[in-house]
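Observations on the three-dimensional arrangement
Each chain is listed here by its residues.
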Amino acid sequence: EAQVTQNPRYLITVTGKKLTVTCSQNMNHEYMSWYRQDPGLGLRQIYYSMNVEVTDKGDVPEGYKVSRKEKRNFPLILESPSPNQTSLYFCASSLRTGPDSPLHFGNGTRLTVT
Amino acid sequence: AQSVAQPEDQVNVAEGNPLTVKCTYSVSGNPYLFWYVQYPNRGLQFLLKYITGDNLVKGSYGFEAEFNKSQTSFHLKKPSALVSDSALYFCAVRASYSSASKIIFGSGTRLSIRP
């Protein structure tokens, strides 16, 4: 089944403890991105990647890192999580890097930082 | 600058009645417009898109959307609502000259269909 898979679905951690949220897509998509969804703020882009080894900052990149060593994987790394990073996170991908290609989303990771 | 407005936080409709979820946009040049739906505990799912051509586009689950260039709107519609249509709906826009990364989402409209 064609899909974007995120893990874990739920994560509770403490301030400062490094964590990684994995994202993998099996559709050979070129483009991948990370979003956070917060009440009243909608979806905000964290980082995106146009191709392997090509990543760039979105609107809210502070406190996050990403890597794209393989086409299918795009992990999100929080080196030192803080409570303001408590949010619902989504990974998304699209077949092409052009503006007409719709996004395919994972089911989300709900992160709580205490 | 690109922007998307969904003026209604919530829309309530009785099952079997037509529904409309409103979206207006602002973008330089030609817009590429999208609708996504989010069910509880799930990611967003693509419903339909307008790129060019016929102003009325049809998508998944019986939904359609009408592009109106003069009113800069892209309202989502369905002739007969189902209880299972209850979800959060997002409108999104990209400029035709931009890349996949330059997508702006609206704040979302919660659609509630009562039996």
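Residues numbered from 1 in each chain as written. Chains lettered and ligands numbered in written order. Predicted model: local features only at pLDDT ≥ 70, side-chain atom pairs only at ≥ 80, totals over all residues. Heavy atoms only, no water.

Here we look at the nonpolar core
Side chains of a nonpolar character, in soluble globular proteins, are inclined to be buried together. Residue and element names in this part refer to chain B. Note the cut-off: We define a nonpolar core as any set of buried Ala, Val, Leu, Ile, Met, Phe, Trp, Tyr and Cys residues linked to one another through side-chain atoms lying within 4.5 Å. Accessible area is worked out with a 1.4 Å probe on protein chains only. A residue is then buried under 20% of its type maximum, exposed over 50%, and partly exposed in between. Put simply, DSSP marks the helices as runs of H or I at least four residues long and the strands as runs of E at least two long, and each gets a number from the N terminus on. In this analysis, two residues are considered to be in contact whenever any of their non-hydrogen atoms come within 4.5 Å of each other.
Ranked by internal contacts, the top residues of the largest apolar core, which has 29 residues, are L19, W35, L47, L48, F74, L76 and Y89. Looking at this core, the elements with two or more residues in it are strand 2 (10-14), strand 3 (19-21), strand 5 (31-38), strand 6 (44-50), strand 8 (64-68), strand 9 (73-78), strand 10 (87-95) and strand 12 (109-114). Element by element, the count of residues in this core is highest for strand 10, at 5 residues. Apart from the residues lying within four places of it in its own chain, the contact partners of L47 are W35, Y36, V37, G59, S60, Y61, F63, L76 and Y89.

Concerning the state of the cysteines
Note the cut-off: Any cysteine sulfur atom paired with another within 2.5 Å is treated as part of a disulfide.
With the rule as written, the count across this model stands at 2 disulfides over all chains. In this model, C23(A) is linked to C91(A) through a disulfide, with the two sulfur atoms separated by 1.8 Å. Between C23(A) and C91(A), the S-S dihedral sits near -70°, and the bridge is therefore left-handed. Of this pair, C23(A) sits in strand 3 (residues 19-25) while C91(A) is found in strand 9 (residues 87-94), placing the two residues 68 residues apart along the sequence. Here C23(B) engages in a disulfide with C91(B); their sulfurs sit 2.0 Å apart. For the disulfide bridge between C23(B) and C91(B), the dihedral angle about the S-S bond is near -65°, and by the sign convention the bridge is left-handed. Highlighted residues: C23(B) in the loop between strand 3 and strand 4 (24-26) and C91(B) in strand 10, separated in sequence by 68 residues.

Points about the sheet that holds strand 8 (residues 76-78) of chain A
Across a sheet, strands are paired by hydrogen bonds formed along the backbone, either parallel or antiparallel in direction. All names here are of chain A. Note the cut-off: A pair of strands is labelled paired if DSSP reports no fewer than 2 bridges between them.
Taken in spatial order, the 4 strands make up an open sheet running 1-3-8-7, and their pairing is antiparallel. Looking at which strands have only one partner, the edges of the open sheet turn out to be strand 1 (4-7) and strand 7 (65-66). In the sheet, strand 7 pairs with strand 8 via 2 bridges, with the strands oriented antiparallel. Along strand 8, the bridge assignment pairs V66 with L76.

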